[in-house]
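# Understanding the architecture of this molecule
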Amino acid sequence: MSAVSDVSMELLMNSENPEDMLEHMQSFLDMMMNYECALMEIETKLKVLNSEFALQHNRNPFESIKSRLKKPISIIEKLRKKGLDFTIENIENNLTDIAGVRVICSFPEDIYAVSDLLAMQDDITVVETKDYIRNPKSNGYRSLHLIVEIPIFLTTGKKYMKVEVQFRTIAMDFWASLDHKLKYKKDNLKHPEIIVQELKKCADTITSVDYKMQEIRNMLE
Ligand code: 0O2
């Protein structure tokens, strides 16, 4: 089943008023299809950069790329948090992470090399940059986030779509997935603050390992 069909099924199943929802389904599906096309465009650009970089430098700048479309229930929740109704207009004007790509690199330097090369392309506009690597969050979260706008070409013409691209190292990704678990388990823990502290310590250790490994890699090269 395609990602869009998954989305439509979930949308129906999670809807309180499936009949009403069906009426808006087509335009919602069209919008999700547009975001899916934007994801494909960004993925292709990143893969091209990876291959070219590998040819020039004899190594791949990133380990993997993961793409995802935000789940309808998460879209509804995010709009609700912002006090907005579930409309196509509100989604397109207020949410920037419907389409998300995560690029996992081995070394911090490669994150900036690849993100600069992507940002430089003349059909891409960087709408926003959040550099949580140079400015980590207080919990220790590190990643580079770019919100980019990219054109997609449809039968009806050109449309600009926003995609959130997150760049992080393998170690930062490992940390973020454990931290993500904390988000859902926090309420059931007796002493969540201890885990928060321990995670912060791990984030600092991981950072020093990331830069040490980069130093060694640079010495080897
Ligand atoms: P999901 O399920 O990963 O998509 P905004 O999107 O701008 O309205 P925000 O939080 O200001 O909201 O944006 P920000 O800081 O750029 O964070 C967006 C995404 O980064 C999050 O998406 C997470 O994927 C990731 N992220 C940010 N902070 C943390 C953190 O402290 N820990 C972890 N593990 N991930 C983080 P969502 O929508 O929260 O979730």
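For the structure, check the block above.
A few points on the structure.

Secondary structure assignment for the protein yields seven helices and five strands. For the protein, the sequential pattern of α-helices and β-strands runs α-α-β-α-α-β-α-β-β-β-α-α. Expressed as lengths along the three principal axes of its C-alpha atoms, the size of the protein is roughly 60 × 50 × 30 Å. Expressed as a percentage of the 221 residues in the protein, the buried residues total 42%.

Ranked by size, the top nonpolar core spans 37 residues in total, and within it Ile42, Leu46, Val163, Val165 and Phe167 carry the most contacts. Those elements giving two or more residues to this core turn out to be helix H2 (18–57), strand E1 (62–69), helix H3 (72–81), strand E2 (99–105), helix H5 (108–120), strand E4 (144–154) and strand E5 (157–169). Apart from the residues lying within four places of it in its own chain, the contact partners of isoleucine 42 are Val101, Ile124, Val148, Ile150, Val163 and Val165. In terms of nonpolar packing, the next biggest core, distinct from the first, is built from nine residues, Tyr141, Ala176, Leu182 and Leu199 among them.

Once that is clear, we can look at the side chain of aspartate 179. On the secondary structure map, aspartate 179 appears in helix H6 (residues 170–185). Overall, aspartate 179 belongs to the buried group, its relative accessible area being 18%. Apart from residues lying up to four places away in sequence, aspartate 179 is in contact with Asn139 and Leu199.

Once that is clear, we can look at the side chain of asparagine 90. As for its position among the elements, asparagine 90 is in helix H4 (residues 88–94). Relative accessible area serves as the criterion here: at 18%, asparagine 90 is assigned to the buried category. Polar contacts involving the side chain of asparagine 90 include one to the main-chain carbonyl oxygen of aspartate 85, which spans 3.0 Å. Dropping the residues within four chain positions of it, asparagine 90 is found in contact with Leu79, Leu84, Asp85 and Leu95.

Here we come to H6. With 16 residues, H6 extends 23 Å between its outermost C-alpha atoms, agreeing within 8% with the 22 Å of an ideal straight helix rising 1.5 Å per residue. Along H6, the positions that sit buried rather than exposed are Ala171, Met172, Asp173, Trp175, Ala176, Asp179 and Leu182. Looking at the packing, one finds that the buried side of H6 touches E1, E2, E5 and helix H7 (192–220).

Turning our eyes to something else, we now look at the site of the ligand. Close to the ligand lie 18 residues; Lys78, Tyr132, Lys137, Asn139 and Asp179 are nearest. Residue lysine 70 places a side-chain N or O atom 3.2 Å away from an oxygen atom belonging to the ligand. Considered on its own, the ligand offers 750 Å² of accessible surface; in the complex 72% of this is hidden by protein. Mapped onto the shell around the ligand, the elements with two or more residues apiece are E5 and H6.

Now for the pattern of salt bridges. When charged atoms on two side chains of opposite charge get close, those side chains can pair. According to the stated counting rule, one finds 19 salt bridges in the structure shown. Aspartate 97 serves as the salt-bridge partner of lysine 70, at 3.0 Å between the closest nitrogen and oxygen. One end of the pair, lysine 70, is in the loop between E1 and H3; the other, aspartate 97, is in the loop between H4 and E2, and 27 residues separate them in sequence. Residue lysine 70 shares its accessibility class with aspartate 97, and that shared class is buried. Close ionic contact of aspartate 204 with lysine 200 constitutes a salt bridge, the shortest N to O distance being 3.1 Å. Taken together, the positions of aspartate 204 and lysine 200, both in helix H7 and four residues apart, correspond to about one turn of that helix. Its relative accessible area of 35% is what places aspartate 204 among the partly exposed residues.

To continue, consider the pairing of E5. Sheet topology note: the E2/E5 ladder contains six bridges and is parallel. The residue of E5 that forms the bridge with valine 103 is phenylalanine 167. Pairing geometry for E4 and E5, over 11 bridges, is antiparallel. Among the inter-strand pairings, valine 148 is bridged to a residue of E5, identified as valine 163. Two successive antiparallel strands, E4 and E5, enclose a turn made up of two residues.

Remark: H5 packs on H7, axes separated minimally by 8 Å, with the N-to-C direction vectors making an angle of 80 degrees. Regarding the angle of H5 to H7, the classification is roughly perpendicular. Of the residues in H7, those touching H5 at Pro108, Glu109 and Asp110 are Asp210, Tyr211, Gln214, Arg217 and Asn218. Residue composition of the contact of H5 with H7, by class: two nonpolar, two polar and four charged.

Quick notes on the rules
- Residues numbered from 1 in each chain as written.
- Predicted model: local features only at pLDDT ≥ 70, side-chain atom pairs only at ≥ 80, totals over all residues.
- Heavy atoms only, no water.
- Helix = DSSP H or I, 4+ residues; strand = E, 2+ residues; numbered from the N terminus.
- Buried < 20%, exposed > 50% of the residue type's maximum accessible area, 1.4 Å probe, protein only.
- Core = buried A, V, L, I, M, F, W, Y, C linked by side-chain atoms within 4.5 Å.
- Contact = heavy atoms within 4.5 Å.
- Polar contact = N/O pair within 3.5 Å; in protein donor to acceptor, adjacent residues only side chain to side chain.
- Expected span 1.5 Å × (residues − 1).
- Near = heavy atom within 4 Å.
- Areas by Shrake-Rupley, 256 points an atom, 1.4 Å probe, with all protein chains shown as cover.
- Salt bridge = Lys/Arg side-chain N within 4 Å of Asp/Glu carboxyl O.
- Pairing = 2+ DSSP bridges.
- Axes fitted to C-alpha atoms, helices over the stretch in contact; angles between N-to-C directions.
- Parallel < 35°, antiparallel > 145°, perpendicular 65-115°, else oblique.
- Nonpolar A, V, L, I, M, F, W, Y, C, P; charged D, E, K, R; others polar.

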